[in-house]
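For reference, the chains in residue letters:
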Amino acid sequence: PTLGPFAAACLLWPPLRGKGLARRALSLVCPLLLILLPWTARNFLLLGKFVPLNTQGGNNFYLANNPLSTGGTVRVNDLIAAGAFHLGETEDEIAYSREYGRRALSFIRSRPLRFLGLSLRRLAWFYHLDRHNPSLILAAALWSALLLGLAGALLSRGWKGRPALFLLGILSFTLVHSIFLPEGRYRLPVMPFVYAFAAYALSFLVRSGEKNHLRKA
């Protein structure tokens, strides 16, 4: 599900459309199918129903969106103790997941502003360091990379042409984890993209400095 928005955007994003669209679609879809089909077959043989990915989506969605949600890490035991969740080991996996998915959607519909606030907090949590073992040096390095990455995306006009692939990868992961449970380690796949944009920003600054030096000379 994390790569779903990324794959769709790569096919539909206007700057990436045109010649080679069919080849690009096959290069995206075929690897995804090779990864998903074995698990889909396992689900069908075990559960007797078509389940493309897994049966945990609904309950994971609910863990992130329930009356006790904080926008950060959730302790399942606390939810169980409050009577807001149960593990359902003896229940049908699909029905169990769908029920909690419905509860999460009901929570969002009834409290849209609370959901928006939680999503914003999840974004902050997604790009944070370990709050239990904070390091000012690591925090400074991370946020410097994020700010330089943002600057690089703007300077390179990352929404146009091939750089859009990097930007779409970052946005896809960020969007998904603003809705589901966030953890700092989940951002690791997007950090190479962030560093690429940060490197562009640094290169731009160096080139600008050299041009100013030559003008003064």
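In this text the structure is predicted, and so the values were computed from the model without any measurement.

A. Quick peek at the overall build of the chain. The helix and strand inventory of the chain stands at nine helices and zero strands. Along the chain, from the amino end to the carboxyl end, the secondary structure elements read α-α-α-α-α-α-α-α-α. Split into buried and exposed, the 217 residues of the chain put 34% on the buried side. For the chain, the computed accessible surface area is about 13900 Å², with 68% contributed by carbon and sulfur atoms.

B. Helix α5 (residues 93-110), seen in detail. Its 18 residues give α5 an end-to-end C-alpha distance of 26 Å, which sits within 8% of 26 Å, the value for a rise of 1.5 Å per residue. Measuring from the side-chain oxygen of the N-cap residue of α5 to the backbone nitrogen of Ile 94 gives 3.1 Å; that N-cap residue is Asp 92.

C. Focus on helix α7 (residues 136-155). Between its first and last C-alpha atoms α7 spans 28 Å; for 20 residues at 1.5 Å apiece the expected length is 28 Å, and the two agree. Within α7, the full set of buried residues consists of Leu 142, Ala 145, Leu 146, Gly 149, Gly 152 and Ala 153. Within α7, the buried residues cover an arc of 130 degrees as seen down the axis, which keeps them to one side. Exposed and facing more than 90 degrees away from the buried side of α7 are Leu 136, Ile 137, Leu 147, Leu 150 and Leu 154. One or two steps after α7, the chain reaches Arg 157, where phi turns positive at roughly 50 degrees.

D. Focus on the nonpolar core. Membership of the largest hydrophobic core comes to 14 residues, with the highest contact counts inside it found for Tyr 62, Leu 79, Phe 85, Tyr 100 and Ile 108. Of all the elements in the fold, those that place two or more residues in this core are α3 (57-64), α5 and α6 (112-126). With five residues, the single largest contributor to this core is α5. When neighbours within four sequence positions are excluded, Leu 79 is seen to be in contact with Leu 63, Asn 66, Leu 68, Val 74, Ala 84 and Phe 85.

E. Highlighting the pattern of salt bridges. This model, assessed by the stated rule, comprises two salt bridges. Here Glu 99 and Arg 102 are joined by a salt bridge, their closest N and O atoms 3.1 Å apart. Here Glu 99 and its partner Arg 102 are both found in helix α5, three residues apart, which amounts to about one turn of the helix. By relative accessible area, which is 31% here, Glu 99 ends up partly exposed. In the salt-bridge network here, residues are joined through shared partners; they are Glu 99, Arg 102 and Arg 103.

Conventions and cut-offs
- Residues numbered from 1 in each chain as written.
- Predicted model: local features only at pLDDT ≥ 70, side-chain atom pairs only at ≥ 80, totals over all residues.
- Heavy atoms only, no water.
- Helix = DSSP H or I, 4+ residues; strand = E, 2+ residues; numbered from the N terminus.
- Buried < 20%, exposed > 50% of the residue type's maximum accessible area, 1.4 Å probe, protein only.
- Areas by Shrake-Rupley, 256 points an atom, 1.4 Å probe, with all protein chains shown as cover.
- Expected span 1.5 Å × (residues − 1).
- Polar contact = N/O pair within 3.5 Å; in protein donor to acceptor, adjacent residues only side chain to side chain.
- Arc of directions from axis to C-beta.
- Core = buried A, V, L, I, M, F, W, Y, C linked by side-chain atoms within 4.5 Å.
- Contact = heavy atoms within 4.5 Å.
- Salt bridge = Lys/Arg side-chain N within 4 Å of Asp/Glu carboxyl O.

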